[in-house]
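These are the residues of each chain, in order.
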Amino acid sequence: MSFATAPMLKAPADYQAFRISPDDSNRLVIVYDEIGDGVPFITCVEIFDVGGRTPPNAHREAFEQFFVLAGEGVAICGDRRLALRPGGCLVVPPGVTHVVENTGPTRLYTLTTMIPDEAFGRLIRNGTPDSLDEEDLAVLAGLPSGPVRAVS
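Residues numbered from 1 in each chain as written. Predicted model: local features only at pLDDT ≥ 70, side-chain atom pairs only at ≥ 80, totals over all residues. Heavy atoms only, no water.

Draft legend 1. Structural context of the nonpolar core. In terms of nonpolar packing, the biggest core is built from 12 residues, these being Y15, A17, V29, V31, Y32, V39, V45, I47, A70, Y109, V139 and L140. Counting residues per element, this core draws most heavily on strand β2 (residues 26-32), which supplies 3 residues. In contact with V31, not counting residues within four places along its chain, are K10, Y15, D37, T43, C44 and V45. Grouped together as the second largest cluster of nonpolar side chains are 10 residues, F48, C77, V92 and L108 included. (Core = buried A, V, L, I, M, F, W, Y, C linked by side-chain atoms within 4.5 Å. Buried < 20%, exposed > 50% of the residue type's maximum accessible area, 1.4 Å probe, protein only. Helix = DSSP H or I, 4+ residues; strand = E, 2+ residues; numbered from the N terminus. Contact = heavy atoms within 4.5 Å.)

Take a look at the structure:
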């Protein structure tokens, strides 16, 4: 496969959301991947519903990075339990079994990148298309989310 040779720019309206399986508690919003964009990695925003989690998984060659955009959760990596908070960034090396779980009262959003892709983009794209609501679009646009409270 030939890879992209020119800069690319996308906006939230360009992104596609999927659930790998219809009953999954998280959605994946592809930002860039090999199939759609010709890059040798995948970057997506994972949106975890309250109580949502990934299944235990490990990657043969890929490093996976989770940058927390909003919400809170925990990553279980082998025998370690790591708190996830906005601005925190977790890198999971190849071969480490891990789970990411939303433990907070609101959705958990992570900017997730895998290098190399290891067919993750194909797995996502073969899932069920889904939609984004106003809260999702606000987080993707970098706007504050959640209820607005008046200051007295």
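From this point on, the discussion continues.
Draft legend 2. Quick peek at the pattern of salt bridges. Within the structure shown, the criterion is met by 10 salt bridges. One salt bridge in this structure joins D37 and K10, with 3.0 Å as the shortest N-O distance. A residue pair is termed long-range when its members are at least 10 positions apart, and D37 in helix α1 (residues 34-37) and K10 in the segment before β1 (16-19) qualify at 27 residues. Judged by its relative accessible area of 14%, D37 is buried. On the basis of relative accessibility, which here comes to 25%, the residue K10 falls in the partly exposed class. Look at the salt bridges and you will find they share partners, linking R27, R107, D133, E135 and D136 into a network. (Salt bridge = Lys/Arg side-chain N within 4 Å of Asp/Glu carboxyl O.)

Draft legend 3. A look at unusual backbone geometry. Of note, the amide linkage connecting I115 to P116 takes the cis form, showing an omega dihedral of -10 degrees. Note that P116 resides in the loop between β9 (108-115) and α2 (120-125). For A119, which is not glycine, the phi torsion reads 65 degrees and is therefore positive. Residue position: A119 is located in the loop between β9 and α2.

Draft legend 4. Fine view of the environment of E46. Here E46 lies in strand β3 (residues 42-48). It is 15 Å that separates the C-alpha atoms of E46 and D117, two residues lying 71 residues apart in sequence. Apart from residues lying up to four places away in sequence, E46 is in contact with N26, R27, L28, T54, E64, F66, L108, Y109, T110 and T112.

Draft legend 5. Inspection of the pairing of strand β6 (residues 80-84) at higher detail. As judged from the 5 bridges shared by strand β5 (residues 73-77) and β6, these two strands associate in the antiparallel manner. Bridge pairing links G73 to L84 in β6. (Pairing = 2+ DSSP bridges.)

Draft legend 6. Quick peek at the sheet that holds strand β10 (residues 128-130). If you trace the 7 strands from one edge of the open sheet to the other, you get β7-β4-β9-β3-β2-β1-β10, paired in antiparallel fashion. Looking at strand neighbours, the two that pair on one side only are β7 (89-92) and β10, the edges of this open sheet. Strand-to-strand, the axes of this sheet are offset by a mean angle of 30 degrees, without reference to chain direction. Pairing of β1 with β2 involves 3 bridges; the strand directions are antiparallel. The partner of A17 across the bridge, within β2, is V29. (Axes fitted to C-alpha atoms, helices over the stretch in contact; angles between N-to-C directions.)

Draft legend 7. Representation of the sheet that holds β6 within the structure. Sheet architecture is open: 3 strands sit in the order β6-β5-β8, paired in antiparallel fashion. Across the chains shown, the open sheet's two edge strands, defined by having one partner strand only, are β6 and β8 (98-102). Adjacent strand axes in the sheet meet at a mean angle of 20 degrees when their direction is disregarded.

In short, the description is geometric, and any link to function would need to be established separately.
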